[in-house]
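Spelled out, the chains give:
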Amino acid sequence: PVSFAHGSVMVLGVEEISTISNIDIFPNPSSGNFTIQCSEEITAIDIFTLVGEKIISVKPESFNAEIDLSTQAKGIYFVQVRCGDKISTQKIAVE
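What you see is a predicted model; the values in this text were computed from it and never measured. (Residues numbered from 1 in each chain as written. Predicted model: local features only at pLDDT ≥ 70, side-chain atom pairs only at ≥ 80, totals over all residues. Heavy atoms only, no water.)

## Things to note about the sheet that holds strand β5 (residues 33–42)
Across the sheet, 3 strands lie side by side as β4-β5-β8; this open sheet has antiparallel pairing. A strand with exactly one partner marks an edge of an open sheet, and here the two such strands are β4 (23–26) and β8 (62–68). Strand-to-strand twist across the sheet, computed as the mean angle between neighbouring axes with direction ignored, equals 15°. (Pairing = 2+ DSSP bridges. Helix = DSSP H or I, 4+ residues; strand = E, 2+ residues; numbered from the N terminus. Axes fitted to C-alpha atoms, helices over the stretch in contact; angles between N-to-C directions.)

Shown next as structure tokens:
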């Protein structure tokens, strides 16, 4: 720990995660239905609101997936796609 006058701080390591280079999410923007395609098998997809609330979590275990956000409020969402030990986070818009 690193000590300061009014307490202490513990420094924790941050693991670097490889990013996925060949991922497509379309159409973007859309009315709520998105297709996610990846050059590797998609092991998990998590959708988050702008404030970080997870609203969808799926494990498609395929090279593409269909996501339906048509019942969600219009706005911007974050899509986190995991393929093995690689991860990608992208913004999508529901209009």
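Back to the text.
## Some details on the pattern of salt bridges
A complete count under the given rule lists 2 salt bridges for this structure. The partner of Asp 46 in a salt bridge is Lys 54, with the nearest N and O atoms 3.9 Å apart. By relative accessible area, which is 46% here, Lys 54 ends up partly exposed. (Salt bridge = Lys/Arg side-chain N within 4 Å of Asp/Glu carboxyl O. Buried < 20%, exposed > 50% of the residue type's maximum accessible area, 1.4 Å probe, protein only.)

## Quick word on the environment of Glu 95
Tracing the backbone through its elements, the reader meets Glu 95 in the segment after β10 (86–94). By relative accessible area, Glu 95 is classed as exposed at 57%. Sequence separation between Glu 95 and Asn 28 is 67 residues; the distance between their C-alpha atoms is 9.4 Å. With sequence-adjacent residues up to four places away left out, Glu 95 is seen in contact with Pro 29, Ser 30, Ser 31 and Lys 74. (Contact = heavy atoms within 4.5 Å.)

## Re the side chain of Ser 30
By the element assignment, Ser 30 lies in the loop between β4 and β5. Assessed through its relative accessible area of 9%, Ser 30 is described here as buried. Here Gly 32 takes part through its backbone nitrogen, which lies 2.8 Å from a polar atom of the side chain of Ser 30. If sequence neighbours within four positions are ignored, Ser 30 has contacts with Ala 93, Val 94 and Glu 95. (Polar contact = N/O pair within 3.5 Å; in protein donor to acceptor, adjacent residues only side chain to side chain.)

## Structural notes on the nonpolar core
Ile 36, Ile 45, Ile 47, Leu 69 and Val 79 are the most contacted members of the largest nonpolar core, which totals 18 residues. Every element with two or more residues in this core is listed here: β4, β5, β6 (44–48), β8, β9 (75–83) and β10. Among residues more than four places away in sequence, those in contact with Ile 45 are Ile 36, Ile 56, Ser 57, Val 58, Pro 60, Ala 65, Ile 67, Val 79 and Gln 80. (Core = buried A, V, L, I, M, F, W, Y, C linked by side-chain atoms within 4.5 Å.)

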